[in-house]
Every structure is written in structure tokens, then in C-alpha cells.
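Read off the chains here:
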Amino acid sequence: MGKSKKRIINKGKNQQFTNLTREEAVKTVARYLETGCKEAYSLITLFGLTAEEILEAGASYESVKGMENLLG
């Protein structure tokens, strides 16, 4: 096995994905929208979140309204 393949395998072992529930994703998106983090977009599309869910999680109306085209 080459050096590159060993590095890739070791990187995969050390950077394990955590399980993220839909409820946790909604809370995380609400927090990300308030701080302006771009990671919110990927979570919204991944879980298919609605504006209502994000608003109930505590996001401001303005931040959700600003993403109207993404939320549909």
C-alpha cells in the first residue's frame, strides 16, 4: 500500500462522521443563521427543512425570510 493510500485511510479513521438527527439539524441551522454561517445552506438542503421548523427552533424571521428562495 502506498503512502497516499495510508494517509487517506488514516484520515478516514480519525475524522468520523457523527449522527445528526433532524431535530438537532433544525437547532443547528437556527444557530447558524443567526451567526451568518454558510453551513446552514447545506443542512437545509440535506434535510429538506421548512421555514416553519426553523422559525420554531428560534431563528429570526428576517434571517429565514432572507433565504426564501432556498426554502421554497
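**Student:** I'm lost on the overall build of the protein in this one. Help?
**Tutor:** When helices and strands are counted, the protein shows six helices and zero strands. Tracing the protein from N to C terminus, the helices and strands come up as α-α-α-α-α-α. With 72 residues in all, the protein has 22% of them scored as buried. Long-range contacts, defined here as pairs at least 24 residues apart, represent 53% of the contacts in the protein between residues at least 6 apart.

**Student:** I keep staring at helix H3 (residues 39-47) and nothing clicks. Help me out?
**Tutor:** Every α-helical turn comprises 3.6 residues, leaving residues that sit three or four positions apart pointing alike. Those residues of H3 that fall on the buried side of the exposure criterion are Ala-40, Leu-43 and Ile-44. Along the long axis of H3, the arc covered by the buried residues comes to 100°, so they all point the same way. Turned more than 90 degrees from where H3 packs its buried face, Thr-45 and Leu-46 sit exposed. In the core, the buried residues of H3 are packed alongside helix H2 (22-35), helix H4 (51-56) and helix H6 (68-71). Note on H3: the residue one or two positions beyond its end, Gly-48, has a positive phi of about 65°.

**Student:** Quick question: what am I supposed to make of the pattern of salt bridges here?
**Tutor:** Charged atoms that come close allow side chains of opposite charge to pair. One pass over the structure, following the stated rule, counts one salt bridge. The shortest N-O distance in the salt bridge between Glu-53 and Arg-22 comes to 3.1 Å. Here Glu-53, found in helix H4, pairs with Arg-22, found in helix H2; they are 31 residues apart in sequence, far enough to count as distant. Exposure remark for Glu-53: the relative accessible area of 23% places this residue in the partly exposed category.

What counts as what
Residues numbered from 1 in each chain as written. Predicted model: local features only at pLDDT ≥ 70, side-chain atom pairs only at ≥ 80, totals over all residues. Heavy atoms only, no water. Helix = DSSP H or I, 4+ residues; strand = E, 2+ residues; numbered from the N terminus. Buried < 20%, exposed > 50% of the residue type's maximum accessible area, 1.4 Å probe, protein only. Contact = heavy atoms within 4.5 Å. Arc of directions from axis to C-beta. Salt bridge = Lys/Arg side-chain N within 4 Å of Asp/Glu carboxyl O.

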